[in-house]
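# Observations on the three-dimensional arrangement
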Amino acid sequence: MNSPSDWFGWAFRDPQWPTKVLVQGLIVIIPIVGWIAMTGWLLMAFENAHAGRNELPPAGFHLERGIAMFGVFLIYGLVLQIPAGVLYGAGAAASSQSTTAFNAGSPLSALGFLLGLAGSLFLNFLVPSLIINTYHRGFAGGMDVPRVWEVAAANLNDSLVAGLIVFVVSFLGGLGFLCCIGFIFTIPYQNTVMAAVAAWIERVKAAPPAPAAPAA
C-alpha cells in the first residue's frame, strides 16, 4: 500500500468488511469500553496491514489489546489541548468581567481556538508513530516521547502526508456524528485508514535508503 487510494480502500478488500465494520461500530456506542475496544481493533488492523493481509480483524471487545492505545491517545489529546483550555478559560473569565464595549476575552478565546486547532493537527501528525510505538512496546512505548518523535521525524515528508490523511479521515469520522448513527460506520472506517497509513510509515522507516547516484 503505497498511495492514498490504497489506504482509503484497504478495508474494502476484505469481503466481510460490512459486517465487521457494523459490529465494531455498534460496540463504539458503549461509553469508554467501546472506545477501548475500537483502539484494540485498530492495533489488530495495523498488524494485518503491516503483514500484508487484506483482512480486517474480527469485531469484538478487544479491551486487552486496546487499553494501552486508548490511554496513549487520551493523554496526548489532553496534554496538547491544555494551552487552548487555559486560554479559553481566561477568555471566558475576561468576557464575564468586561464592562466596556470591547470584549477583552475575545482575543484570548480566538487564540485558544487556534492553539486547539494546532494541537489537533499535531496529534494527527503523531498518530502513525503513536500506533507503531504502542503496538511494539505497549503503553511505555507510546509515552516514550523522544522515540515517538524520532519515528515521526525520520521521514518527515512521508509523516506529513500521513498526518494529512489522518486529519481527513478524522474529519470524515466526526461527520458521522452529524448523521445520527452514521458514526457506527465512519469511526471504524477511520481506524482502518489510520492502521493502513501507520503500516505504510513503518515500512518506509524500515526500508533501506536509496543508493546514491553514481558520480558523473
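Described in the following lines is the structure provided in the data block. (Residues numbered from 1 in each chain as written. Predicted model: local features only at pLDDT ≥ 70, side-chain atom pairs only at ≥ 80, totals over all residues. Heavy atoms only, no water.)

### Focus on the overall build of the protein
Counting its secondary structure elements, the protein contains eight helices and zero strands. Reading the protein from its N end, one meets helices and strands in the order α-α-α-α-α-α-α-α. When contacts within the protein are restricted to residue pairs at least 6 apart in sequence, long-range pairs at least 24 apart make up 71% of them. Surface accessibility of the protein: about 11000 Å² in total, with carbon and sulfur atoms responsible for 72%. (Helix = DSSP H or I, 4+ residues; strand = E, 2+ residues; numbered from the N terminus. Contact = heavy atoms within 4.5 Å. Areas by Shrake-Rupley, 256 points an atom, 1.4 Å probe, with all protein chains shown as cover.)

### A closer look at the packing of helix α2 (residues 17-28) against helix α3 (residues 33-50)
Viewed as axis vectors pointing N to C, α2 and α3 meet at an angle of 145 degrees, and their least axial separation amounts to 7 Å. Within the contact between the two elements, α2 uses Lys20, Val21, Gln24, Ile27 and Val28 and α3 uses Gly34, Trp35, Ala37, Met38 and Trp41. Split by residue class, the contact of α2 with α3 holds seven nonpolar, two polar and one charged. (Axes fitted to C-alpha atoms, helices over the stretch in contact; angles between N-to-C directions. Nonpolar A, V, L, I, M, F, W, Y, C, P; charged D, E, K, R; others polar.)

### Considering α3
In this model α3 runs 26 Å from its N-terminal to its C-terminal C-alpha over 18 residues, within 8% of the 26 Å that 1.5 Å per residue would give. With 14 of its 18 residues buried, α3 lies for the most part within the structure. Glycine 52 sits one or two positions beyond α3 and adopts a positive phi of about 80 degrees. (Expected span 1.5 Å × (residues − 1). Buried < 20%, exposed > 50% of the residue type's maximum accessible area, 1.4 Å probe, protein only.)

### Here we look at the environment of phenylalanine 183
Examined against the element boundaries, phenylalanine 183 turns out to sit in helix α8 (residues 183-206). In this structure phenylalanine 183 comes out as buried when scored by relative accessible area, which is 12%. Between the C-alpha atom of phenylalanine 183 and that of leucine 22, which follows or precedes it by 161 residues, the distance is 9.9 Å. Beyond its immediate stretch of four places on either side in the chain, phenylalanine 183 contacts Val28, Ile29, Gly176, Phe177 and Pro188.

### Quick word on the pattern of salt bridges
Applying the stated rule across the entire model yields four salt bridges. The salt bridge involving aspartate 144 is made with arginine 137; its shortest N-O contact spans 3.0 Å. Judged by its relative accessible area of 23%, aspartate 144 falls in the partly exposed class. Glutamate 150 is the salt-bridge partner of arginine 147, the closest N and O atoms lying 3.0 Å from each other. Remark: glutamate 150 and arginine 147 occur in helix α6 (residues 145-154); sequence separation between them is three residues, near one turn of the helix. (Salt bridge = Lys/Arg side-chain N within 4 Å of Asp/Glu carboxyl O.)

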